[in-house]
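# Geometric and topological summary
Each chain is listed here by its residues.
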Amino acid sequence: MMAGAPVLRLDPDNPDPVVVEHAAALLRRGGLVAFPTETVYGLGANALDPIAVAAIYTAKGRPAWNPVIAHVPDAAAARLLTRQWPPAADCLAAAFWPGPLTVVLPKAAHLPDVATAGLDAVAVRVPAHPVALALLRAVGVPIAAPSANRFTQVSPTTAQHVQASLGDRVGLILDGGPSRVGIESTVVDLTGPDAVILRPGMISAADIALALRGSGVAVRSVTTTVRHDAAGDAPAQRSPGMADRHYAPRADVWLFDPEQQPEIAAALTVALAARNPATGRVTALLRTTTLSLPDGTIVRMPDEPAAYARELYAALHAADAADASLIVIERPPDDDRWAGLRDRLARASR
Ligand code: AMP
Ligand code: MG
C-alpha cells in the first residue's frame, strides 16, 4: 500500500477526545479529514470555508456541479443552514436522525455557494456514527462531506478503502471500523410541496411515507409515485449527482435476474472459452443462484437487504483489488426495501 495519510483508529463506542480534537483542529485550519459515518466514509472539510470545500473537489476529482452533503450534530444545527424549515423536516428529523437520511432545503445565505455547487438548496444530514458525532460536536462548524473516494469509484466503507483511494490527498483518516449501513444516505428533497426521493437508500419510501403520514405531504421518487395525497405535478428537480456514472468498480458489471441464470451461465462459458484475458477473471455476487466459475470468485450475498448493503461495497472493492475484469451480480428483488441497492447496482453496471 502507498504511503499516505496517518490513520488514527478510534473505538466507535468510546472515541478518544484527544484524537477527536486533533481532527477538529485540522478541519478548523482548512484541512481535509476522512471520517467514518454509518453510511460510508466521508471526506470532510469545514462547510463554512469555501477554500476548504473547494479542496474536497480537487482531492476527489469531482466536477464542480455535484453538490456535497453538510453534516451537523443535531436538527437545530441543520435548521441554521436553511432558510425554511417546513413541518415535514421536523417529522423526518424526529423519525430518522441521527441516521442515513439527507434532506434538501432552501439554503441559508451564510453557507458558501461552493458547498451546494451553486444551488439555492442545501443537503443536510445528522450521521449516526459516534465518531462522526463526536467530531461534529468538537469542531463546532458543519462539515461538508461527500464519500471519501475518487470521483466515480465505489464509496469506501472502511478506512483501508479510503487509504487506497485518497491516502495521498487527505490530511488524516479516522478509522471507526466498517460502516454499519454500507450505502449512501437516502436523499429527500423538501423544497417543493411533495417529499421527493432524489436518491434511494436504506431508509425506504415506505419508511418516509410512514413518518410523514397525516402531514399532507406526499412522497414521490424521481421515477415512481409512492403515495400521493397532495396536488403537485411539477417535475422534480433531479439531483445533480444522479446523472453520472457513480459507485462503479473498474470491472465490467453484468446484472442478471435469477430467471436468467441459464443465459448468464452460457454467456460466461462463451466469454471464458474465448480465453480473452480481458474477460478472464470473474467475481460473482450471488444470492439464490449458482454458477460454476473455473477461474473466479463466488461471493454468497445475504438474503436480507440490511446485511446485503453492509457487504456490497466491500465485495466490489475486493473484486477491484483482485483485478477482476468482470463482475456478475444477481439482481435483488424488485421491492421497496431493496430500492437503494438496486439503484447502486444499476449505477455500478453503467
Ligand atoms: P455523495 O456525498 O458522493 O454521496 O454525494 C452527495 C449527493 O447528495 C449528491 O450527489 C446529490 O445526490 C446529493 N445532494 C447534495 N446536495 C444537494 C442539493 N443541494 N440538492 C440536491 N441534492 C443534493
Ligand atoms: Mg460519492
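Residues numbered from 1 in each chain as written. Chains lettered and ligands numbered in written order. Predicted model: local features only at pLDDT ≥ 70, side-chain atom pairs only at ≥ 80, totals over all residues. Heavy atoms only, no water.

## A short note on the side chain of Lys 60
Relative to the assigned elements, Lys 60 resides in helix 2 (residues 50-60). Put simply, Lys 60 is tucked away with no salt bridge, and the nearest opposite charge, on Glu 184, sits 8.1 Å away. Setting aside anything within four residues of it in sequence, one finds Lys 60 in contact with Leu 43, Pro 146, Ser 147, Asn 149, Arg 150, Phe 151 and Leu 166. (Helix = DSSP H or I, 4+ residues; strand = E, 2+ residues; numbered from the N terminus. Buried < 20%, exposed > 50% of the residue type's maximum accessible area, 1.4 Å probe, protein only. Lys, Arg positive; Asp, Glu negative; His and termini not counted. Salt bridge = Lys/Arg side-chain N within 4 Å of Asp/Glu carboxyl O. Contact = heavy atoms within 4.5 Å.)

## Re the packing of helix 1 (residues 17-28) against helix 5 (residues 130-139)
In a packed pair of helices, the relevant descriptors are the angle between the two axes and the axis-to-axis distance. Across the interface, helix 1 lies against helix 5 with an axial gap of 9 Å and an inter-helix angle of 55°. In terms of axis orientation, helix 1 runs oblique to helix 5. Between helix 1 and helix 5 lies a crossing of right-handed hand. When helix 1 is examined against helix 5, the residues Val 20, Glu 21, Ala 23, Ala 24, Leu 27 and Arg 28 are found in contact with a partner set consisting of Ala 134, Leu 135, Ala 138 and Val 139. For the contact of helix 1 with helix 5, a count of residues per class yields eight nonpolar, no polar and two charged. (Axes fitted to C-alpha atoms, helices over the stretch in contact; angles between N-to-C directions. Parallel < 35°, antiparallel > 145°, perpendicular 65-115°, else oblique. Left-handed = near helix turned anticlockwise from the far one by under 90°. Nonpolar A, V, L, I, M, F, W, Y, C, P; charged D, E, K, R; others polar.)

## Brief notes about the confidence of the model for the protein
Averaged over all residues, the pLDDT of the protein equals 91, while 91% of them reach at least 70. The low-confidence segment residues 224-238 (pLDDT under 50) makes 32 contacts with residues lying over four places distant or belonging to another chain. (pLDDT = per-residue confidence, 0-100.)

## A few points about the sheet that holds strand 15 (residues 326-330)
Read from one edge to the other, the open sheet built from four strands follows the order 12-15-13-14, with strand pairing classed as parallel. Among the strands making up the open sheet, the edge pair consists of strand 12 (252-256) and strand 14 (296-300). Each strand axis lies, on average, 15° off the axis of its neighbour in the sheet, ignoring direction. Strand direction decides the pairing type here: strand 13 (residues 282-286) and strand 14, joined by five bridges, are parallel. What sits directly across from Thr 283, in strand 14, is Thr 297. Contacts from helix 8 (residues 261-273) reach strand 12, strand 13 and strand 15, with the element oriented near 155° to strand 12. (Pairing = 2+ DSSP bridges.)

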